[in-house]
Amino acid sequence: QRHFKILVVGAGAGGCSVANKFAHHVGGEKVGVIEPNDEHYYQPMWTLVGGGVKKLQDSVQKMSKLLPKKGTWMKTKAVAFDPEKCTVTTAEGEEVKYEYLIVATGLQLNYNKVKGLPEAFDTDPTVCSNYDYNYVQKTWPAIQNFKGGNAIFTFPNTPIKCAGAPQKIMYLAEDWWRKNGMREKANIIFNSSLGVIFGVKKYANSLNKVIESRGMKINYKRNLIEVRPETREAIFQNLDSPTGETETFKYEFLHVTPPMSTPDVVRDSPLVDAAGFVDVDKNTLQHKKYSNIFGIGDCTNAPTSKTAAAAAAQCGILETNLRAVMANKPMTAQYDGYTSCPLITARGKCILAEFDFDGNPLETFPINQGKERMTMYHMKKDVMPQIYWHMMMNGHWNGPGVYRKLMHLGMDGPEKQPAS
Ligand code: FAD
Ligand code: UQ1
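Here the structure is a predicted model, which is why all the values come from computation and not from measurement.

### Quick word on the site of ligand 1
Neighbouring residues of ligand 1: 34 residues in total, closest Gly14, Glu35, Asp298, Ala309 and Lys380. Contact with the protein chains covers 93% of the free accessible surface of ligand 1, which is 1,000 Å². In terms of residue class, the shell around ligand 1 is built from 16 nonpolar, 11 polar and seven charged. Split by domain, the residues of the shell around ligand 1 number at least three in each of domain 1 (3-108 + 262-326) and domain 2 (110-260).

This is the structure in structure tokens:
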């Protein structure tokens, strides 16, 4: 039976980064990684791929180049967790034993929860999604081929990763259509299951102004339940209606953000809460029941917005706390919920939202990030991919917390100074 001191399940943004961190600490040969994909995706770039700003290939790197050099990569899926026996079963039926487990499986996209959606993706060139490696390739051609009519952007009735991404692509599309003489013919509609444009007031206020000034329409509490590609109709349920009333929209362009959940293997495991997310202490990231298990990234129930930026901040917390547990010492690091969402509002414009568990802004730069800025656009487009590939993947990026503290030295009142 194979046995690892540290076993990481899932090598996305969070998993790859912590696998490399612990390879530095305990030696690569003691680290095992279970990950089925040959390729690692930098998903935050897909907004810019769909918007025609970046090439898809720039979002991809060979998994073999990113994982710890001396580590063991099991190129397969985890299919069962047994936290009592400290084993994870692989698709081949191997039971891999661990001393410490880090769960980092991210989210699964549940297309089959929307009737007709898989067929629509396969048959209708006007239906696309930046959330998927395959369907993000349809977005930019669909934007360019749009000749007017209803352009609809959806937000599902489940937690999702990067809650800003469903609207970022709307802004990029609107910007393109405006600059290419198509804007008057376009009826741009954001149908969201939520009741607000963004969960943090400061940024919601800015976004509402953007939407209003550029004539986009928002319908709240509208959940996509069916797509009919033959007639180009999208059916939405009104979540406020006690009778489950539905509304049918004709579409000439449809960007879908699908319903999401943790992968079935995680949802069906003993590791999750009632909602199906890995049940961790939100401050330490240690599992609430099993002290040798930690969770990171989108798969956990830490109540913050699910982003790579959040996973980066969690990496440092997890590193400190798991090392303490391994040394039989008390855990000292506390996650504050830091997350970030670069809200691109046009080519050359971005509102860089950064905030904590309570929705308080935690801005890195000593300027008002609630404004649309060219600098933040370049930050997102040109700087973040470098930080991700060259720092985060190696385990050398724990988010911008230290820079925020430096740049705000002496500038904020004590209430804005982080406790640590
Ligand atoms: P992932 O990076 O998704 O990795 C999960 C890994 O687990 C995958 O490699 C998968 O193959 C593996 N896995 C799944 N099931 C199993 C299994 N059974 N066994 C073994 N391995 C498994 N974040 C930002 O910070 N800024 C942004 O601007 C931003 N924009 C985004 C735009 C889009 C369109 C999208 C889709 C995402 C965006 N994000 C953004 C979110 C960000 O990509 C995710 O939050 C981040 O990737 C989460 O990291 P993770 O490690 O939890 O999951
Ligand atoms: C970040 O740390 C991060 O993770 C690598 C992202 O994911 C791509 C982000 O989008 C952002 C904005 C951050 C935060 C970093 C800075 C420098 C503000």
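So that's the structure; there's more coming.
### Here's the deal with the pairing of strand β21 (residues 349-355)
With six of seven residues buried, β21 lies mostly within the body of the structure. Here seven bridges tie strand β20 (residues 339-346) to β21, and the two strands are oriented antiparallel to one another. By the bridge assignment for β21, Cys341 is matched with Ala353. Adjacent in sequence and paired antiparallel, β20 and β21 are bridged by two residues, among which Gly348 carries a positive phi angle near 90°.

### Looking at a nonpolar patch on the surface
A cluster of nonpolar side chains, namely Val402, Tyr403, Leu406, Met407 and Leu409, defines an oily patch on the protein surface of about 500 Å² accessible area. With respect to the helices and strands, Leu409 occurs in the segment after α11 (401-407). A residue is classified by how much of its surface remains accessible, and Leu409, at 60% relative accessible area, is exposed.

### Overview of the packing of aromatic side chains
Taken as a whole and judged by the stated rule, the model has 20 aromatic pairs. An aromatic cluster of three or more residues is present, and its members are Phe146, Phe153, Trp177 and Phe253. The ring of Phe357 carries Lys282 above its face, with NZ or CZ at 4.8 Å from the centroid.

### Digging into the side chain of Asn191
Inspection of the secondary structure assignment puts Asn191 in strand β12 (residues 186-192). Within polar-contact distance, the side chain of Asn191 engages the side chain of Asn219 at 2.8 Å.

### A look at the domain arrangement of the chain
According to the domain assignment, the chain contains domain 1 (3-108 + 262-326), domain 2 (110-260) and domain 3 (339-416). One C-alpha centre belongs to domain 1, the other to domain 2, and the line joining them spans 30 Å. Listed by partner, the interface residues are 17 residues for domain 1 and 21 residues for domain 2. Together domain 1 and domain 2 conceal approximately 1,600 Å² of surface at their shared face, both sides included; 62% is due to carbon and sulfur atoms. Across the contact surface, domain 1 and domain 2 share zero salt bridges. The interface formed by domain 1 and domain 2 includes four residue pairs in polar contact (both at pLDDT 80 or more). Per-element tally for the side of domain 1 that touches domain 2: the top contributor is helix α2 (residues 46-50), with four residues. Residue classes in the side of domain 1 that touches domain 2 are distributed as seven nonpolar, eight polar and two charged.

What counts and how
Residues numbered from 1 in each chain as written. Chains lettered and ligands numbered in written order. Predicted model: local features only at pLDDT ≥ 70, side-chain atom pairs only at ≥ 80, totals over all residues. Heavy atoms only, no water. Near = heavy atom within 4 Å. Areas by Shrake-Rupley, 256 points an atom, 1.4 Å probe, with all protein chains shown as cover. Nonpolar A, V, L, I, M, F, W, Y, C, P; charged D, E, K, R; others polar. Domains from an automatic or database assignment. Buried < 20%, exposed > 50% of the residue type's maximum accessible area, 1.4 Å probe, protein only. Helix = DSSP H or I, 4+ residues; strand = E, 2+ residues; numbered from the N terminus. Pairing = 2+ DSSP bridges. Patch = residues over 30% accessible without salt bridge, like charges linked within 9 Å, V, L, I, M, F, W, Y side chains within 5 Å. Salt bridge = Lys/Arg side-chain N within 4 Å of Asp/Glu carboxyl O. Phe/Tyr/Trp six-rings, centres within 6.5 Å; stacked < 30°, edge-to-face > 60°. Lys NZ or Arg CZ within 6 Å of the ring centre and 35° of its normal. Polar contact = N/O pair within 3.5 Å; in protein donor to acceptor, adjacent residues only side chain to side chain. Contact = heavy atoms within 4.5 Å. Buried area = accessible area lost by both parts, 1.4 Å probe.

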